[in-house]
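# Architecture and fold: a report
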Amino acid sequence: MSPMPGSSKGTSVKARKRRARQAAKKSQGGSRKVGKKNSWSLLDRVGLATAWATGLLLCSIAFGITIYLAFKGIQYINLDVLITSPEASTEQSETGGFLDPMVGTVLLTVLGTLVAAPLGIAIAVWLTEYGRPAALARFVEAGVEILVGAPSIAIAIFGLLIFQQGFMAPFSFAAEGGEVFGRSFFAAGAIMSLIALPFVVGGTREALNAVPKHVREASYALGKDQASTIRRVLLPSARSGIATGTTLGMAQIVGETAVVVVLLGATLQIAPEGTVPVLDIFKGTGSTLTSYVYQNSPAGEGNAPEKAYAAAFVLMLIVVGLNLIVNLISRKGQQQWG
Amino acid sequence: MGVVDEQENLTNGSVPPLRQIQVEGRTAPISVAERVEVPEFVDQQAEYEEFDDTQPEWFEQIMRTESLSISFAGKKAVKEVSLPVNAGEVLALIGPSGCGKTTLLRSLNKLVDLTPTASREGRILLDGTDTDLYDDTYLRRRVGMLFQQPNPFPMSIFDNIAYGLRERGSKKPRKKELEPVVVESLKRAGLWDEVKDNLNHPALSLSGGQQQRLCIARSLAVAPEVLLLDEPCSALDPISTTIIEETIVELKEDIAIVIVTHNLQQAERVADRVAFMYLGDLVEYGTAEQVFKAPKAERTKDYVRGDFG
């Protein structure tokens with residue numbers, strides 16, 4: 001495939017139109033004719049070629065992973081592995097399925113999102129609509145950025161530190177000596193919310209910033225205060241941004257491994273703790289697809305690579321599905337004002 | 001405590017809520033009787049006689065500014081402007097870009113106060129009462145505003161109109177109770193015939209001109225006495241502009257209108273009175289005919305002839 005524009009054969013009408021539009025847009029700015037590549041300087045041409053090459057490389061890597069996983073996954077996936085719990089065994093045929101890790105992934109995602117979404121929206125609203133004192137706003141902003149940048153293993157260890165404190169015993173369980181275990185769906189879910197939080201904040205902020213100032217003023221001009229403006233105008237306007245951010249955050253939780261290993265115990269099966277139904281599950285340990293894949297891959301101890309491939313395939317389907325949802329929401333898009 | 005009771009009565013009844021402020025050494029809030037005092041029109045008219053020597057007929061001032069100055073971070077955008085707004089009339093603020101006309105307009109409903117760097121000197125009176133005595137939200141119900149860009153809220157046409165009537169963003173009062181007001185507002189804004197069958201459609205699906213008329217209807221729903229228009233047609237096509245202008249002329253019977261416009265033809269078409277501003281100063285104020293046909297100030301002459309701006 002030629003990396004140069006205008007020379008590719010059999011381009012669709014749509015693509016050609018798009019190119020023409022881009023060319024028209026560019027030619028408004030400068031005098032250089034973009035349509036004719038002859039007029040491009042060598043540096044520009046090299047730059048363009050590099051851009052194309054890296055873009056294509058990235059695409060091929062992404063497709064490579066997908067196709068490889070799909071190929072391996074479909075080979076080993078069947079209904080059985082989806083509905084049976086994992087068992088410890090040295091024989092791969094007796095290791096069961098990965099029902100528990102799937103349930104674990106769903107539980108943890110729901111738990112984390114339930115905490116992250118309202119918190120993230122609140123932070124974003126405060127940052128965009130109030131943000132005073134400015135120093136505090138900068139501090140909060142920096143905090144959110146640190147959450148994005150911090151290695152999840154560090155966040156996980158920090159979480160363990162907290163959830164092993166004595167007063168946190170109700171969220172996992174305490175051994176006879178009084179030592180708190182600190183690993184449970186509660187603990188992992190709480191820390192997972194930190195992983196998702198920056199995405200919710202980011203999506204919401206972006207959407208709120210996209211609401212023109214005069215829309216806020218229109219609400220004030222009708223005698224509304226800031227609180228009802230936020231509730232009735234701004235948050236509804238930011239719907240799609242909030243949904244996008246939250247879905248991205250969910251995808252992060254689904255793909256997170258370190259937190260699961262450190263804070264969920266990464267036990268083979270879901271192991272309820274205590275006697276209260278439902279609550280016992282959240283107090284207990286479990287695993288997710290990510291930790292399951294790790295443990296059963298050749299890198300782990302489970303030694304059931306076929307199951308690992310199948311689980312990885314399911315994991316990828318979930319993440320790709322979430323990303324599709326993000327695309328759908330963003331395409332439907334933000335409200336547009338004149 | 002008596003003060004508390006009074007405050008509660010104020011917010012419940014139709015009487016305007018008060019800010020508890022200190023006026024000339026007084027600590028208690030000003031009593032209702034004092035506040036809704038009937039303005040002394042005759043005196044005010046005398047004060048502004050110099051503005052209006054061509055039309056000695058009686059007119060009613062609904063609003064006026066007294067030596068109003070507004071600065072942003074110390075830089076004066078409006079300088080000592082005293083300007084009356086008459087009921088039953090359209091007042092056009094004209095002048096080159098950056099002359100302070102939009103700032104002046106936005107100060108009338110205190111939107112300027114939302115800018116953190118803005119500071120104000122002088123008084124703005126609504127019905128003879130200093131607007132500083134009113135709650136901002138109350139003032140803004142009486143002084144509505146329309147913006148340059150149509151800006152319906154992302155909700156249905158019905159909910160857009162009902163938005164200002166609903167308290168604190170709740171769904172109450174019910175749709176049935178609001179319907180007459182919504183219908184009436186849409187009719188007055190000249191939009192009813194086009195939207196009567198799809199009141200539940202999202203407002204943002206309307207065309208630009210329809211959106212702007214929806215915004216007019218939205219303002220009308222809260223029954224303002226003054227309507228501020230900030231270049232309301234600058235984002236619209238000529239046909240929509242004509243419809244909006246016709247609506248403005250119809251509305252002025254009940255609502256005093258202040259319009260900022262760059263379009264002198266528009267000012268000539270809709271305005272009864274015109275104020276020309278330049279570099280924050282109110283240079284000339286008079287009837288539309290006088291300002292356009294026989295401007296007194298040299299600056300005004302140049303501007304209305306199109307020599308600058």
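Residues numbered from 1 in each chain as written. Chains lettered and ligands numbered in written order. Predicted model: local features only at pLDDT ≥ 70, side-chain atom pairs only at ≥ 80, totals over all residues. Heavy atoms only, no water.

The next subject is the nonpolar core. If you look at the biggest cluster of nonpolar residues, it comprises 53 residues, and the most contacted ones within it are Met63, Leu83, Leu93, Val226 and Val258 of chain B. One finds Ile161, Ala162, Leu178 and Ile255 of chain B within the second-largest nonpolar core, a separate group that totals 47 residues. (Core = buried A, V, L, I, M, F, W, Y, C linked by side-chain atoms within 4.5 Å. Buried < 20%, exposed > 50% of the residue type's maximum accessible area, 1.4 Å probe, protein only.)

Residues and elements named next belong to chain A. For helix H8 (residues 213-221), a buried count of 8 out of 9 residues is recorded, marking the element as mostly surrounded by other parts of the structure. Residues of H8 that are buried include every one of His214, Val215, Arg216, Glu217, Ala218, Ser219, Tyr220 and Ala221, and no others. Gly223 sits one or two residues past H8 and shows a positive phi near 80°. (Helix = DSSP H or I, 4+ residues; strand = E, 2+ residues; numbered from the N terminus.)

In a structure, side chains of opposite charge can pair up when their charged atoms sit close to one another. All names here are of chain A. A full pass over the atoms with the stated rule returns 21 salt bridges over all chains. A salt bridge links Arg216 to Glu129, with the nearest nitrogen and oxygen atoms 2.7 Å apart. Of this pair, Arg216 sits in helix H8 while Glu129 sits in helix H4 (residues 99-130), and the two are 87 residues apart along the sequence. Take Arg216: its relative accessible area is 12%, and that puts it in the buried class. Note on Glu129: relative accessible area 11%, which makes it buried. (Salt bridge = Lys/Arg side-chain N within 4 Å of Asp/Glu carboxyl O.)

This brings us to the interface of chain A and chain B. It is common to report an interface's size as the accessible area lost on association of the parts. At the junction of the two partners, chain A supplies 26 residues and chain B supplies 29 residues. Summing both partners gives a buried area of about 2400 Å² for chain A against chain B, and 57% of it is carried by carbon and sulfur. Three residues, Leu222, Lys224 and Arg232 of chain A, lead the burial of chain A against chain B; their summed loss comes to 32% of the area buried on that side. Summed over the shared surface of chain A and chain B, the number is 1 salt bridge. Summed over the shared surface of chain A and chain B, the number is 5 residue pairs in polar contact (both at pLDDT 80 or more). (Contact = heavy atoms within 4.5 Å. Buried area = accessible area lost by both parts, 1.4 Å probe. Polar contact = N/O pair within 3.5 Å; in protein donor to acceptor, adjacent residues only side chain to side chain.)

This part is about a nonpolar patch on the surface. Residue and element names in this part refer to chain A. Together, Val106, Val110, Leu114, Val115 and Leu119 line one region of the surface with nonpolar side chains, adding up to about 440 Å² of accessible area. Along the chain, the position of Leu114 falls in helix H4. On the accessibility criterion, Leu114 (60% relative accessible area) is exposed. (Patch = residues over 30% accessible without salt bridge, like charges linked within 9 Å, V, L, I, M, F, W, Y side chains within 5 Å. Areas by Shrake-Rupley, 256 points an atom, 1.4 Å probe, with all protein chains shown as cover.)

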